[in-house]
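What the coordinates show
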Amino acid sequence: MDAPDQAVETATNEASTASPSRPVGPPLVVLEGVDKHFGDLHVLQHVDLQIGRGEVVVVLGPSGSGKSTLCRVINRLETIGSGSITVDGQELPAEGRELARLRADVGMVFQSFNLFAHKTVLENVMLGPVKVRRRPAAEARERARELLRRVGVESQADKYPAQLSGGQQQRVAIARALAMEPKVILFDEPTSALDPEMVNEVLDVMVGLAKAGMTMVVVTHEMGFARRAAHRVVFMADGRIVEEGDPESFFTAPRTARAQDFLSKILTH
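Residues numbered from 1 in each chain as written. Predicted model: local features only at pLDDT ≥ 70, side-chain atom pairs only at ≥ 80, totals over all residues. Heavy atoms only, no water.

**So, the overall build of the chain**
Selection rule: Only DSSP runs of H or I with at least four residues qualify as helices, and only runs of E with at least two residues qualify as strands; both kinds are numbered from the N terminus onward. In this scheme, a residue with accessible area under 20% of its type's maximum is buried, one over 50% is exposed, and one in between is partly exposed, where area comes from a 1.4 Å probe on protein chains only. The contact criterion used throughout is that any non-hydrogen atoms of two residues lie within 4.5 Å. In this description, accessible areas are obtained by the Shrake-Rupley approach with a 1.4 Å probe, and a residue is regarded as covered only by the protein chains that are shown.
A tally of regular secondary structure across the chain gives 10 helices and 10 strands. Looking at the chain as a whole, 52% of its 269 residues qualify as buried. A separation of at least 24 residues holds for 68% of the contacts in the chain among residues at least 6 apart in sequence. Carbon and sulfur atoms provide 48% of the accessible area of the chain, an area that totals close to 12200 Å².

Structure (structure tokens):
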């Protein structure tokens, strides 16, 4: 059993309120001077951000602050107007086979699951390794079953996504991302579409990944997850990174008025 799988299996028992220690070493993902426009709307304004190997970065901020766009440009689902983004020392190209290869190293989990409705759960998890990584089908199937077991939905392997609860579908989406053996996984509000009772089952899996050393960028409003699993909180507003720091410092003593205002609204409701 490898470390990520073991951590997923034991996450619920091991989770604690203390933030993990900050990883050291060269950065895995680097954004330098990244700008992004949607028409006249300047959604990312000269963003500089480094994400260390094994680091869990939680991105917080009000609606429209650029959080989701930040995730999407790292995976090149959105192009950038200027600046650069590198993953493991390689700059993301605009298109072509090299982009597909690098994108395979950057997993993504969306709020709306984005599973293929006409494929079974097992087929959803197998698809990327077979089509993109060129893994033999038998090997991909065995790995997919192992990952589905680790996230607690192995019994649903032969069902279709519509037959699963929202929490189960999101755990399948996480297994699908893990099946590609990514260097970093981006989570774009992964629990926002879930009923409240399903949120923890997804967060427990994510905590397990964090404890196992997976590099993660998580856009979320789940403050408990940020306190429990993040190495660093990045607070965005109006397309800019306004403040960043360790979770304890950010939640107990935010430095900027914008962050103070945001937390006063979030933590009192």
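Picking up where we left off.
**Some thoughts on the sheet that holds strand E10 (residues 240-245)**
Backbone hydrogen bonds are what pair the strands of a sheet, in a parallel or an antiparallel way. The criterion, for reference: Two strands pair under a simple rule: DSSP has to find at least two bridges between them. Only the stretch in contact is used when fitting a helix axis, every axis being a line fitted to C-alpha atoms; angles between N-to-C directions are given from 0 to 180 degrees.
Reading across the sheet, the 6 strands line up as E6-E7-E8-E3-E9-E10 and stay open at both edges, with mixed pairing between neighbours. The outermost strands of the open sheet, each flanked by one partner alone, are strand E6 (106-109) and E10. Taken over all neighbouring pairs, the strand axes of this sheet differ in orientation by 20° on average, direction set aside. In terms of strand pairing, strand E3 (residues 56-60) meets strand E8 (residues 215-219) through 4 bridges, oriented parallel. Note on E8: the bridge partner recorded for Val56 is Met216.

**Looking at helix H4 (residues 121-131)**
Listed as buried for H4 are Val121, Leu122, Asn124, Val125, Met126, Gly128 and Pro129. Buried-residue contacts for H4 involve helix H5 (137-150) and helix H6 (166-179).

**Quick notes on the nonpolar core**
Our working definition: In this description, a nonpolar core means a group of buried Ala, Val, Leu, Ile, Met, Phe, Trp, Tyr and Cys residues linked to one another through side-chain atoms lying within 4.5 Å.
Core analysis: the biggest nonpolar cluster contains 53 residues, and Leu60, Leu148, Ile174, Phe187, Met206, Met216 and Phe225 have the highest contact counts within it. Per-element accounting of this core gives the leading share, 9 residues, to helix H7 (residues 196-211). With residues up to four places along the chain from it excluded, the contact list for Phe187 reads Cys71, Val109, Ile174, Met206, Leu209, Met216, Val217, Val218 and Val219.

**Quick look at unusual backbone geometry**
Outside of glycine, negative phi angles account for most residues, and trans bonds account for most peptide bonds. Located in the positive-phi region is Asp88, a residue other than glycine, with phi close to 55°. Residue position: Asp88 is located in the loop between strand E4 (82-87) and strand E5 (90-91). What makes Asp88 partly exposed here is its relative accessible area of 29%. The phi angle at Glu189 is positive, at roughly 45°, despite the residue not being glycine. By relative accessible area, Glu189 is classed as buried at 17%.

**Quick look at the packing of H6 against H7**
Here is the rule we go by: Here is the rule for angles: anything less than 35 degrees is roughly parallel, anything more than 145 is roughly antiparallel, 65 through 115 is roughly perpendicular, and the remaining ranges are oblique. Working rule for handedness: look at the near helix, and if it is turned counterclockwise from the far one by less than a right angle, call the crossing left-handed; if clockwise, right-handed. Think of it as three bins: nonpolar holds Ala, Val, Leu, Ile, Met, Phe, Trp, Tyr, Cys and Pro, charged holds Asp, Glu, Lys and Arg, and polar takes everything else, Gly as well.
As a packed pair, H6 and H7 sit with axes 8 Å apart at the nearest point and diverge in direction by 20°. Accordingly, the angle class assigned to the pair H6 and H7 is roughly parallel. Remark: the crossing between H6 and H7 carries right-handed chirality. Residue-level contacts link Gly166, Gly167, Gln168, Gln170, Arg171, Ile174 and Leu178 of H6 to Met198, Glu201, Val202, Val205, Met206 and Leu209 of H7. Class assignment of the residues belonging to the contact of H6 with H7 gives a composition of 7 nonpolar, 4 polar and 2 charged.

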